[in-house]
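Here are the chains, one letter per residue:
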Amino acid sequence: MNSQSIAPCGLNCALCWGFQRSKKTCSGCNSSGAKTHYCTVCRIKTCPEKNGNDRLLCSECPRYPCKRLKDLDKRYRFKYGESAIENFRSIAEIGLSAFVAAEEIKWRCPQCGNLVCVHREKCLTCGEANPHFPPNPGKPQRGTNK
Ligand SMILES: [Zn+2]
């Protein structure tokens, strides 16, 4: 993991199954190599506001936070307990390299020490529970569904 692991949207490519798998590995949003399907069609990645600067972080855009980014953030908070906007807040506070260093520690599997995947309930290496995964992904909490 390094500063290039942080995609323009603020999410960490190194925490994705596409990046972690050994076959058809995704090279990450800041690389020109192969990508997962989701990332080739991403509207943030190809946002015209970037004016040709592919690696521009959304937080550096005059329109930040735009609806597109807020929608992504909402989806990730709900499904995965992860927030692009929170990531940008940390980056603004402590800087990109310190943020990446903290991510390296935060996302280590407590069992095997490999990075867990933000999208998966269990570590892809050893099957240990991902400690950051929300308890009821994609489902409303019981009693709050009015
Ligand atoms: Zn593990």
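Look above for the structure.
The text that follows walks through the structure, step by step, so that each part is easy to find. If you're wondering where the values come from, they're calculated on a predicted model, not measured in any experiment.

### Quick look at the environment of Gly52
Looking at the secondary structure, you find Gly52 in the loop between helix H2 (37-40) and helix H3 (67-80). Judged by the 6 C-beta atoms lying within 10 Å of it, Gly52 is exposed.

### Observations regarding the nonpolar core
Ranked by size, the top nonpolar core spans 27 residues in total, and within it Cys9, Leu15, Cys16 and Ala84 carry the most contacts. When contributions to this core are tallied by element, the ones reaching two or more residues are H3 and helix H4 (84-94). If you tally residues by element for this core, the top one is H3, at four residues. With residues up to four places along the chain from it excluded, the contact list for Cys16 reads Cys26, Cys117, Val118 and His119.

### A few points about the environment of Gly18
Tracing the backbone through its elements, the reader meets Gly18 in helix H1 (residues 17-20). For the pair formed by Gly18 and Gly28, sequence separation is ten residues and the distance between their alpha carbons is 8.5 Å. Those residues in contact with Gly18, other than ones at most four positions away along the chain, are Cys26 and Thr36.

### So, the environment of Lys122
With respect to the secondary-structure elements, Lys122 resides in the segment after helix H5 (96-106). In this structure Lys122 comes out as partly exposed when scored by C-beta crowding, with 14 C-beta atoms within 10 Å. For the pair Lys122 and Cys109, spaced 13 residues apart in sequence, the C-alpha separation works out to 9.3 Å. Apart from the residues lying within four places of it in its own chain, the contact partners of Lys122 are Gly127, Glu128, Ala129 and Asn130.

### So, unusual backbone geometry
Cis geometry is found at the peptide bond from Tyr64 to Pro65, where omega equals -10 degrees. Along the chain, Pro65 falls in the loop between H2 and H3. In this model, Lys24 sits at a positive phi of 50 degrees, which is unusual for a non-glycine residue. Of note, Lys24 is situated in the loop between H1 and H2. C-beta crowding within 10 Å serves as the criterion here: with 8 such atoms nearby, Lys24 is assigned to the exposed category. A positive phi angle is found at Asn51, which is not glycine, with a value near 50 degrees. Here Asn51 is to be found in the loop between H2 and H3. A count of 8 C-beta atoms within 10 Å places Asn51 in the exposed class.

### Points about the packing of H4 against H5
Where H4 meets H5, the axes come as close as 7 Å, and the angle between the chain directions of the two elements is 125 degrees. Here H4 is positioned oblique relative to H5, judged by the angle of their axes. The hand of the H4/H5 crossing is right-handed. The segment H4 lies against H5, with Ser90, Ile91 and Ile94 engaging Leu96, Ala98 and Phe99.

Rules and cut-offs
Residues numbered from 1 in each chain as written. Predicted model: local features only at pLDDT ≥ 70, side-chain atom pairs only at ≥ 80, totals over all residues. Helix = DSSP H or I, 4+ residues; strand = E, 2+ residues; numbered from the N terminus. Buried ≥ 20, exposed ≤ 12 C-beta atoms within 10 Å, placed from the backbone. Core = buried A, V, L, I, M, F, W, Y, C linked by C-beta atoms within 7 Å. Contact = placed C-beta atoms within 7 Å. Axes fitted to C-alpha atoms, helices over the stretch in contact; angles between N-to-C directions. Parallel < 35°, antiparallel > 145°, perpendicular 65-115°, else oblique. Left-handed = near helix turned anticlockwise from the far one by under 90°.

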